[in-house]
Structures are given as C-alpha cells and as structure tokens.
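Architecture and fold: a report
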Amino acid sequence: MAALAVLAERSERRSGSTGTDPLRDRADACLEGLEETARMEAMLAARKVRFAAGFANATRAMSAPDEQPHQRLAREMGVVAEVACALTVSERSASALLAQSHELTTTLPLTQAALEQGLVSWQHARVMVDEAASLNPAGAAALEAHFLDPEAPNPATCPVGNMVPARFRHKARTWRERHHPVSIEKRHAKSFLDRRLEYAPDRDGMAWLSAYLPADQAAGIWNGITATARALQSRTEGRTLTQLRADVAAKVLLSAGFTTTSNPMDGSTEAAAGSRTGLATTRTSTRPSDDGVAGGVPVTDGVDDAVAGGIPVTDGIDDAVPGLVPAPGGVDSGRVPSPAAQVLVTVPVFALMGLTDEPADLDGYGPIPASMARKLVADRASSFRRVLIDPRNGAPLEIGRESYRIPPAMRRWLRLRDGRCSFPGCSNHSLDNEADHILAWADGGTTGISNLGSLCRKHHRLKHSTAWTPTNASTNEPPGWISPTGRRYQSEHQDWEPPHWPAQIQDLLRDYGAGVRPTAPSGRRPR
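Notes on the structure in this doc start here. (Residues numbered from 1 in each chain as written. Predicted model: local features only at pLDDT ≥ 70, side-chain atom pairs only at ≥ 80, totals over all residues. Heavy atoms only, no water.)

Focus on a nonpolar patch on the surface
A cluster of nonpolar side chains, Leu197, Tyr199 and Leu209, forms an exposed patch at the surface whose accessible area comes to about 380 Å². Along the polypeptide, Tyr199 turns up in strand E1 (residues 196–201). What makes Tyr199 exposed here is its relative accessible area of 60%. (Patch = residues over 30% accessible without salt bridge, like charges linked within 9 Å, V, L, I, M, F, W, Y side chains within 5 Å. Areas by Shrake-Rupley, 256 points an atom, 1.4 Å probe, with all protein chains shown as cover. Salt bridge = Lys/Arg side-chain N within 4 Å of Asp/Glu carboxyl O. Helix = DSSP H or I, 4+ residues; strand = E, 2+ residues; numbered from the N terminus. Buried < 20%, exposed > 50% of the residue type's maximum accessible area, 1.4 Å probe, protein only.)

Written out as structure tokens, the structure is:
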C-alpha cells in the first residue's frame, strides 16, 4: 500500500517530479500504478480464495461426524447462501467461487501461490481451474507445472502473467488436448455425434444462427468467409469486416441448392425429384424470377439485389464475387465444400504415417485428431497446407507448396512462426493478418523472415502511426515490441513439443545402439 500511495502522489502531482520532464514522470507513475494495482488485485483475489475455502472447511469441521447425505446437502446450500449474502452476489456466483477456491487450495497449489504473489491474475487462475477440471490429479499437476514451474520438463516459453487470459486459455487448452489421458481420437468421435445447427430469435428483427462442427470444417468456413469479405473491402465500402462476414455467410447459405421442397405455410417437407443437395434446407427457391409471390408468401430473403416484399435488400454481395459463392448447380451432397483460403495444418511426421495418434495442429484453432489431419492430406484439400514436424524437437520441418515463387512460401512460414498477430495480447488469426517489414524496405530492410512480422490491420496501422516499435525477430521467434514510454513487451512464442516416437522405431534405435543387426521380414533379404 505504501508503494501505491507514493505512485498516487506522483500521478496526481502532489509530490515533486523525479525527472526533467514532469509530464512524462506523471505518465510513468500512472502506468506503474496500474501495474501495482493489478498485482494487489491478484493478491486480494488469493486472499478471498483462502477465506472462501476456509469458511467451507470450518463449516464442514463443525458438522456432526455421522452427517447424513441430506444433512450434508443442506449444509452446503447454507454455505453457498451465506457466502452469497456476504459478497452481495448471486448464489450461482458464490457456488462457483467456492468450487474454484476448493480446487485452487487443494489441487492447484502452484496457481494459488502465483496468485498470492501477484504473478497471475484472477482471470488466469480461473482459466487454470477450468482446463484442469477434466484431468485427474496427476494431469492437473502436470498442467500447472508446465506453465508455472520453470524446472518442469519442456516448460512454457511465455510466462502466464505476460499473456492476456484469452491467449492463456488457448495455450492451456492446447496443452490439455495433447496430454489428456483419453486420446483426442476417442473424445472427437464422441463429440462428433453432438454436431448440430442452432437457431435463436433475438431482438429488433434479428436472430442467431450457430453451428457445432468438426474443427477442420469450421476453420475452413471461417477463413474462407473472411477471405471473401476482405476481397469486398474498399474505400467506398461502408460495412465493417464483421458485417461483411455476416453478409457473405447469408449469401452462401441462401443461394445454395436444396434437396427438399418446403411449404412455409404448414412446415411440411417433401423430397424434390432431381433436386440437388445444398448447404441448408431452410427455404426453397420456388419463386418466379421477378421476385413475385411464391405459394402466396412474399419473398424477402434478400438473395437478389432488389426490393422484395417491400423490404430493401442490402446484402451487397455480387454473385460474381469469387470465393465462397456456390456454383448455380448447387453443392454435392456427399461432401462439404472447401473454401479457397489456405489453412495451415501442422502434422507430426509419425502421425502422418499412421504410426502414432498424437494430435496435429490446425491454424487458428489448436490440436485436432491425427485422423482428421491425415484425411485432409489424403484428400489433397486445396484450402489446407500441410506442415511436417521434425520428430527430434517438434519444430517445423518444411512447408509443402505447389508454386515455385518464394514469397508465398515465406508468407506461409511467417504465419506458422507467429501463429497470430504478433502484437502483445492480440488474438487475430494468422490468415487474416498482413506481412509487415520490421525495418522498412526504404530504410534498407530486407524481405527475409527475420525482418517480417504478422500484424492485423489495427496494429499495422498502430505501428505506422505511433511510436510503437517492433524489435528484432528471428527465423523461429516473432518480434517483441517497445511502447512509446520505453517499456518492452515480449510477443507470444509457439510452444513446440517433441513428438511421440513409435515403440517399434524406439526398439530399432535401441538395437542399433547395442550393435544388434535388425532381423529382416521372412521372404526378404536384408540390404
């Protein structure tokens, strides 16, 4: 508190300046005060955890030794109600706090210790609790050791406190997917059965449409829609990228072919002879070409750029725009179309060969089952680029490419190295970023991977219009950043993990090391 009081006096100019620039000193005091306040908030959160867990433990200790199940339930309800009243929060929030406090004080001691020291925030601690929830005690201990114990095998390259909570959640989820006791193949097979499309009406004539899909399909659709939306942006285009994505998606879904005919008056659906399968069956294209009335119902879907049913159509998506616009003949029913965007799929060599089932990595998403990656490679999907992983250290081995020109391959390597916008805390996906020269070409900069960084448009503009300055990069590490106040911020690095070696290959290596000549299969002569 004493340090915070001194910073408060400096920031409010109640004490003398310590430098030659009073305004700069005041600004520095404000930033230092924010950092100190964040540390104190974390320490107070840790104290709240101790108090909540302590109250629950004390109440449990005061209960009768022969407490019956219904009595225990009543006691726990009373504890939740008491904490909710004391904190003036809902009982649902109080219950969550008690559960999180129990996990932190019993299962996740390293996280609790970091919180007490102000090294991580309460948001980081909650992420750790969430990601450890489905792990056994040994798995939970390994998870927090990876991120919080520098002496752990293959520790995280970026301290937890240096990542925004959203980025830490992505890192923790990635580690959990790779080290979960149940293989990702089994978990994916189970979750695949839950795929669905959901529709939820909302206010002001709007609604939500969401899909739960396999990761490769969802990532391909998202990146393809983004690429098409980017192509539509111009100086005369008034819509934001977010609005363009929505308009492109609506255009794709509503202009696809259909397998069924629907009567919007009674909701019936009948098979249409000779019809094709599309991406949706929400509406049939049975209206006349002049946007008249089909079946007595005015058409207001907005597929054609005209006025239908008295509602102006403003989607602004020209049918001739290349990208995610289906061909007039509809879409083949057997397959989901792959968009023209290029999504990087990082695959361990042995997993691609089918010798192991360790996860691959889908750019912008995270770990996916090896079988999904093998299928993408086998199908030669044009929207995916495969990246092989070195079996010795987990680093990228090479990027498959079809074109001879170097710049496209270098751009793909840049996406692989940075993974996202290289500005601290930004989560913008690599496919949606721009390659930028760290040292400008006009100032003597080269077009090499060590002089390039991935930036979203917002932070690209920030770099060129403010005093934010990137530091040097390397082949495998993105640039850091220096703020206008002189503070240095490290960019997030990729955590490459050594892949798993198949048992049969390990046995062969041991035999070679022991001088044992491998036995040739029957019917074949050793060479």
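Don't stop here, the text continues.
What to know about helix H8 (residues 165–179)
An α-helical turn contains 3.6 residues, so any two residues separated by three or four positions project in the same direction. With 15 residues, H8 should reach 21 Å at 1.5 Å per residue; the first-to-last C-alpha distance of 21 Å fits that figure. On its buried face, H8 sits against helix H6 (122–132), helix H7 (137–148), helix H9 (184–192) and strand E11 (366–368). (Expected span 1.5 Å × (residues − 1). Contact = heavy atoms within 4.5 Å.)

Side note on the sheet that holds strand E16 (residues 469–470)
Reading across from one edge, E16-E17-E18 is the order of the 3 strands in this open sheet, with antiparallel pairing throughout. The sheet is open, and its two borders are formed by E16 and strand E18 (488–489), each paired with just one other strand. Bridging between strand E17 (residues 481–482) and E18 involves 2 bridges; their strand directions are antiparallel. Among the inter-strand pairings, Ile482 is bridged to a residue of E18, identified as Arg488. (Pairing = 2+ DSSP bridges.)

Describing unusual backbone geometry
Positive phi is not limited to glycine here, since Thr88 has a value of about 55 degrees. For Thr88, the position within the fold is in the loop between helix H3 (69–87) and helix H4 (91–106). Given the relative accessible area of 71%, Thr88 is considered exposed. Of note, the phi angle at Asp204 is positive, near 60 degrees, even though the residue is not glycine. Topologically, Asp204 is positioned in the loop between E1 and strand E2 (207–212).

A word on helix H13 (residues 370–378)
Restricting attention to buried positions, one finds in H13 the residues Ala370, Met372, Ala373 and Leu376. The buried residues of H13 occupy an angular sector of 160 degrees when the element is viewed end-on, so they sit on one face. (Arc of directions from axis to C-beta.)

Digging into the packing of H6 against H7
The contact between H6 and H7 brings their axes to 9 Å, and the two run at 145 degrees. Helix-helix and strand crossings are classified by hand; for H6 and H7 the assignment is right-handed. In this structure, H6 uses Met128, Glu131 and Ala132 to contact H7, whose residues at the interface are Ala140, Leu143, Glu144, Phe147 and Leu148. When grouped by side-chain class, the residues that make up the contact of H6 with H7 number 6 nonpolar, no polar and 2 charged. (Axes fitted to C-alpha atoms, helices over the stretch in contact; angles between N-to-C directions. Left-handed = near helix turned anticlockwise from the far one by under 90°. Nonpolar A, V, L, I, M, F, W, Y, C, P; charged D, E, K, R; others polar.)

Notes on the pattern of salt bridges
This structure, assessed with the given rule, holds 16 salt bridges. In this structure, Glu177 and Arg187 form a salt bridge, with 2.6 Å as the shortest nitrogen-oxygen distance. One end of the pair, Glu177, is in helix H8; the other, Arg187, is in helix H9, and 10 residues separate them in sequence. Residue Glu177 shares its accessibility class with Arg187, and that shared class is buried. The salt bridge involving Lys463 is made with Asp436; its shortest N-O contact spans 3.1 Å. In this pair, Lys463 is assigned in helix H15 (residues 457–465) and Asp436 in strand E14 (residues 434–437), connecting sequence segments 27 residues apart. Here Lys463 falls in the buried class, since its relative accessible area comes to 11%. Here Asp436 falls in the buried class, since its relative accessible area comes to 7%. Connected through salt bridges with shared partners, the residues Asp28, Glu35 and Arg487 form a single ionic network.

Focus: the environment of Met128
Mapped onto the fold, Met128 is located in helix H6. Using a relative accessible area of 1% as the deciding quantity, one classes Met128 as buried. Here the alpha-carbon distance between Met128 and Thr111, two residues 17 residues apart in the chain, equals 7.6 Å. Every residue in contact with Met128, bar those within four places of it in the chain, is listed here: Leu108, Thr111, Leu143, Glu144, Phe147, Leu148 and Phe168.

Digging into the environment of His180
Along the chain, the position of His180 falls in the loop between H8 and H9. By relative accessible area, His180 is classed as buried at 14%. Residues His180 and Leu143, spaced 37 residues apart in sequence, show a C-alpha to C-alpha distance of 9.8 Å. Residue contacts for His180: discarding those within four places in its chain leaves Ser134, Leu135 and Arg187. At a separation of 3.0 Å, a polar atom in the side chain of His180 contacts the main-chain amide nitrogen of Val182. (Polar contact = N/O pair within 3.5 Å; in protein donor to acceptor, adjacent residues only side chain to side chain.)

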